[in-house]
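Residue-level listing of the chains:
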Amino acid sequence: MCGIVGYVGSKQAEAVVVEGLRRLEYRGYDSAGIALVHDGELVWDKRAGKLANLDKALAEDALPASSTGIGHTRWATHGAPTDRNAHPHLGATGRVALVHNGIIENFAVLRDELVAQGHEMLSETDTEVAAHLVECALEDGTTLTEAMQAVCGRLAGAFTLVAVDGRDPDRVVAARRNSPLVVGIGDGENFIASDVAAFIEHTRDALELGQDQVVTITRDDVTVTDFEGRPAQAGSYRPYHVDWDLSAAEKGGFDWFMRKEIHEQPGAITDSMLGRHDAAGALQLDELRITEEELRNVDKIILVGCGTANYAGMVAKYAIEHWTRIPCEVELAHEFRYRDPILTRDTLVVAISQSGETADTLMAIRHAREQRSKVLAICNTNGSTIPRESDAVIYTHAGPEIGVASTKGFMTQLVACYLLGLYLAQVRGTKYGDEIAQVVRELEQMPLHVQRLLDAAEQVNQLARELFSARSVLFLGRHTGFPIALEGALKLKELAYIHAEGFAAGELKHGPIALVEDRLPVFCIVPPQGRDHLHDKMVSGIQEVRARGARTIVLAEEGDEEVTPYADDLIRLPRVPTLLQPMVAVVPLQLFACELATRMGNDVDQPRNLAKSVTVE
Ligand code: F6R
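Values in this document were obtained by computation on a predicted structure and should not be read as measured data.

(A) Main features of the packing of helix α9 (residues 307-324) against helix α16 (residues 481-496). α16 packs onto α9 with a crossing angle of 170 degrees between their chain directions and a minimal axis gap of 9 Å. Accordingly, the angle class assigned to the pair α9 and α16 is roughly antiparallel. Contact residues: α9 offers Gly-307, Thr-308, Tyr-311, Met-314, Val-315 and Tyr-318, while α16 offers Phe-482, Pro-483, Ile-484, Leu-486, Glu-487, Leu-490 and Lys-491. Its residues assigned to classes, the contact of α9 with α16 comprises nine nonpolar, two polar and two charged.

Right, dumping it as structure tokens:
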């Protein structure tokens, strides 16, 4: 949510900053702007709309050469997406330019104070207040670093701020509280960004900052302090090496990042399994940092996350309860702390987040830790806040996910949840070693199964072309198929902007079947045959909607002939165990949403009103 870039070095800052913004545009695309330090003053440009508008403006009217600058791509919170509200914002005299991600909660009080002192505010944003305050603090001869420290102490809420001073050509200063910020360490140049993607083409050496820290970069130096100006304690920030490169942050011949990321799933599953079991199939989660004894004492698991990550948690509940008999609850992270959940030292809270920066999930884990529960993060982003504030972490190794709609992130969250469930079963002895090894072998086959579905993508693409004019689509599933029905519907809402809903198939007759009308497309995820009558009940549900005129698009495993008479369209899934079926069932639904949105002419990677990494509550 908002992308931020800062640069000091010997290259042209405009090119570095704009290129960085391009890689961060997934975080918000309501406006884009840039400010550079040139000849003792600031030069800047900012435009409402996507980065392309700023690109065009800069092509027509280039900014002068500079080697120090900042930039911003916005997801609007305070004030409409206009040129005026676009960042950077300037102080009263135009000496300081500042960009911001997050929400300054006490901005109204600060704004009134500034206005009473005669400051004129040009925008409706909370950010402009910070720009004025930093500039005021500079007036009495302090450095930009000292001014930033002084102002941060006055701000409430969540923020990453990055500022430049027109009179200080070799310094960019940033601060963070509850909002992402990483530093890129180069050779004779340094970077600041919301995400390493912004500088990955220049350096893979990064510094993860702690909470309430201020960082100053110059060409050759990086200094970290707290808000009081004290040097940051060793260990409160952490250097690390990024294990992916520029090619992972590019489209590689695909039309969309999302389509590329769907196709990367076989590799992402393999990478997320790598090194996590021995040759005999016994789990080894060395990075877990929670002792086996603590895991044996766990008497309840609560899985928290938002959106797609929440659906991964729903799948995990089926698997973890089945393998370990530990009761699991699944909770939307933003609802969690407000219902006063029962948390003890023996509760394990599992926070699932691709970005590791989702504010709702972050607040949920803080609440859990205050109650002394253990928190385990499942996360895809090294250096992000959620794993940092958790007791333990299982990193998914999906590589950077840039498409706003999560695909490979979800897939690898499933892998991590299964690994966690199996590990708990191993530690607690609720499954025999050979049973665990059998599931591990099945997981290892998943990349091949997913690849086969991807190879058959044309069938789904053709379906999307046929359903181009659909205005409503339903998704039905039972058991682990239920969260996948929800996920299929979410993907379609996000990308195609049409009414889409997922239901537990058994719920249909309790109301939603009233929605069914002639030719309404209904995706039906059929569980594998032969367990607890689940399959047969799903087949009955399909008959019920078909009898009312629905066009049934049935996802059923190979060899399942019972469903054939009731399927208007039949998508075959590889044969896998029920608990693992989400990993295959979700793939056609991802492909369908991507293709339908493409056909509709929508921006698949940057759907309207959304941003990846929701860093405000
Ligand atoms: C849906 C989607 C969102 C995210 C949710 C949580 O395609 O991407 O629903 O899953 O915002 O994000 P993370 O996993 O980063 O916490």
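(B) A look at the domain arrangement of the chain. What the domain assignment lists for the chain is domain 1 (3-250), domain 2 (266-444) and domain 3 (452-599). Centre-to-centre, using C-alpha coordinates, domain 1 lies 33 Å away from domain 2. With 18 residues of domain 1 at the contact, the number on the domain 2 side is 12 residues. Contact between domain 1 and domain 2 buries roughly 1,200 Å² in total, counting both sides, with carbon and sulfur atoms accounting for 51%. It is Tyr-26, Asn-178 and Glu-208 that lose the most area in domain 1 upon contact with domain 2, and together they represent 35% of the buried surface on that side.

(C) View of unusual backbone geometry. Cis rather than trans, the peptide bond between His-87 and Pro-88 has omega equal to 0 degrees. A positive phi is found at Asp-212, a non-glycine position, where the angle reads about 55 degrees. Mapping Asp-212 onto the fold places it in the loop between β11 (205-208) and β12 (213-217). Given a relative accessible area of 25%, Asp-212 falls into the partly exposed group. Look at Asp-340: it is not a glycine, yet its phi comes out positive at around 55 degrees. Along the chain, Asp-340 turns up in the loop between α10 (333-336) and β17 (347-353).

(D) Region of interest: the side chain of Lys-491. Looking at the secondary structure, you find Lys-491 in helix α16. Excluding anything up to four places from it in sequence, Lys-491 contacts Met-258, Thr-308, Ala-405, Ser-406, Ala-496 and Ala-593.

(E) Representation of the site of the ligand in the model. Taken together, 15 residues are adjacent to the ligand, and Ser-353, Gln-354, Ser-355, Thr-358 and Glu-494 come closest. In the model, an oxygen atom of the ligand is placed 2.6 Å from a nitrogen or oxygen of the Gln-354 main chain. Note that an oxygen atom of the ligand is positioned 2.5 Å from one of the side-chain N or O atoms of Thr-358. Elements that contribute at least two residues to the shell around the ligand include exactly α9 and α16. Each of two domains, domain 2 (266-444) and domain 3 (452-599), supplies a minimum of three residues to the shell around the ligand.

(F) Fine view of the pairing of strand β3 (residues 41-48). Taken together, the eight bridges between strand β2 (residues 31-38) and β3 define a ladder with antiparallel strand orientation. By the bridge assignment, Leu-36 is partnered in β3 with Val-43. The turn joining β2 and β3, which pair antiparallel and follow one another in sequence, is formed by two residues; a positive phi near 55 degrees is taken by Asp-39.

(G) Layout of the nonpolar core. Core analysis: the largest hydrophobic core is formed by 94 residues, its most contacted members being Ile-301 and Leu-492. The element best represented in this core is helix α13 (residues 408-428), accounting for 14 residues. Residues lining this core come from more than one domain, with at least three contributed by each of domain 2 (266-444) and domain 3 (452-599). Residue contacts for Leu-492: discarding those within four places in its chain leaves Val-473, Phe-475, Tyr-497, Ile-498, Ala-500, Phe-592, Ala-593 and Leu-596.

(H) Just the sheet that holds β2, in detail. Spatial ordering of the open sheet is given by β3-β2-β4-β1-β10-β9-β11-β14, a layout of eight strands whose pairing is antiparallel. Of all strands in the sheet, those bounded by a partner on one side alone are β3 and β14 (238-241). Taking each pair of neighbouring strands and ignoring which way they run, the sheet shows an average axis angle of 15 degrees. Its contacts with the sheet place helix α1 (residues 13-24) against β1 (3-8), β2, β4 (68-74) and β10 (190-193), and it is angled at close to 155 degrees to β1. Of the strands in this sheet, β2 and β3 touch helix α2 (residues 51-60), which is tilted by about 130 degrees from β3.

(I) Highlighting the sheet that holds strand β24 (residues 569-573). Strand order in this open sheet of five strands is β21-β20-β22-β23-β24, and the pairing throughout is parallel. Two strands in the sheet have a free side with no partner beyond their single neighbour: β21 (499-504) and β24. When the angles between neighbouring strand axes are averaged without regard to direction, this sheet yields 15 degrees. Sheet analysis places strand β22 (residues 521-525) next to strand β23 (residues 551-557), joined by five bridges and oriented parallel. What sits directly across from Phe-523, in β23, is Ile-553. Against the sheet, helix α15 (residues 457-466) engages β22, β23 and β24, with an angle of about 150 degrees to β24.

(J) Region of interest: α16. In this model α16 runs 22 Å from its N-terminal to its C-terminal C-alpha over 16 residues, within 8% of the 22 Å that 1.5 Å per residue would give. Counting buried positions along α16 yields 14 of 16 residues, so the element is predominantly enclosed. At the C-terminal side of α16, Tyr-497 shows a positive phi close to 55 degrees.

How each quantity is defined
- Residues numbered from 1 in each chain as written.
- Predicted model: local features only at pLDDT ≥ 70, side-chain atom pairs only at ≥ 80, totals over all residues.
- Heavy atoms only, no water.
- Axes fitted to C-alpha atoms, helices over the stretch in contact; angles between N-to-C directions.
- Helix = DSSP H or I, 4+ residues; strand = E, 2+ residues; numbered from the N terminus.
- Parallel < 35°, antiparallel > 145°, perpendicular 65-115°, else oblique.
- Contact = heavy atoms within 4.5 Å.
- Nonpolar A, V, L, I, M, F, W, Y, C, P; charged D, E, K, R; others polar.
- Domains from an automatic or database assignment.
- Buried area = accessible area lost by both parts, 1.4 Å probe.
- Buried < 20%, exposed > 50% of the residue type's maximum accessible area, 1.4 Å probe, protein only.
- Near = heavy atom within 4 Å.
- Polar contact = N/O pair within 3.5 Å; in protein donor to acceptor, adjacent residues only side chain to side chain.
- Pairing = 2+ DSSP bridges.
- Core = buried A, V, L, I, M, F, W, Y, C linked by side-chain atoms within 4.5 Å.
- Expected span 1.5 Å × (residues − 1).

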